[in-house]
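What follows is each chain in one-letter form.
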Amino acid sequence: MSIRHAGIFNFKPTVSESQKHEFFVALKALEDINGVEKMEVSRQTSTKNKFKYGFSMEFASNEIYQAYSIHPQHDAFVKDFFIPLVEDFMEIDTEQLM
């Protein structure tokens, strides 16, 4: 069963445009990790929620997703970019029902 890992988030108010760019480059580079499929990075276009940015990626199985979750490149991204720059976020991991 495939897994979709997605998140929406806002940057801290002090984050510069160049820091945002570096963040997005590092986020997009996560698609180089074995097993990451259909990586998308996006910006919110409606006012239906408070979040401004999002990402999603798919994995062929939960086992592949779990391996991604502990991959050193993913850990480095979280430590070097996500924790220092993101103020608020929500993640969701889902599997297709139909």
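Our structure is the block above this text.
Read on for an overview of the structure. Predicted, not measured: the structure shown is a model, and the values here were computed from it. (Residues numbered from 1 in each chain as written. Predicted model: local features only at pLDDT ≥ 70, side-chain atom pairs only at ≥ 80, totals over all residues. Heavy atoms only, no water.)

### As for the packing of helix H1 (residues 17-29) against helix H3 (residues 72-85)
Turning to step 1, where the next piece is worked out: One can describe the packing of H1 onto H3 by two numbers: an axis separation of 10 Å at closest approach and a directional angle of 155°. Viewed along their axes, H1 and H3 adopt a mutual orientation that is roughly antiparallel. H3 is crossed by H1, and the crossing has left-handed handedness. Counted together, Gln19, Glu22, Phe23, Ala26, Leu27 and Ala29 of H1 and Gln73, Phe77, Phe81, Phe82 and Leu85 of H3 form the full contact between these two elements.
Turning to step 2, where the next piece is worked out: Residues of the contact of H1 with H3, tallied by class, amount to eight nonpolar, two polar and one charged. (Axes fitted to C-alpha atoms, helices over the stretch in contact; angles between N-to-C directions. Helix = DSSP H or I, 4+ residues; strand = E, 2+ residues; numbered from the N terminus. Parallel < 35°, antiparallel > 145°, perpendicular 65-115°, else oblique. Left-handed = near helix turned anticlockwise from the far one by under 90°. Contact = heavy atoms within 4.5 Å. Nonpolar A, V, L, I, M, F, W, Y, C, P; charged D, E, K, R; others polar.)

### A short note on the sheet that holds strand S3 (residues 53-59)
Turning to step 1, where the next piece is worked out: The strand order S2-S3-S1-S4 describes an open sheet built from four strands, whose pairing is antiparallel. In the strand order of this sheet, the two ends are held by strand S2 (37-43) and strand S4 (86-95), each with one partner. Averaged over all adjacent pairs, the angle separating strand axes in this sheet is 10°, with direction ignored.
Turning to step 2, where the next piece is worked out: Both strand S1 (residues 3-11) and S4 contribute to a ladder of nine bridges, which runs antiparallel. Bridging across to S4, Phe9 finds its partner in Phe89.
Turning to step 3, where the next piece is worked out: Running at roughly 115° to S4, H3 makes contact with S1 and S4 of the sheet. (Pairing = 2+ DSSP bridges.)

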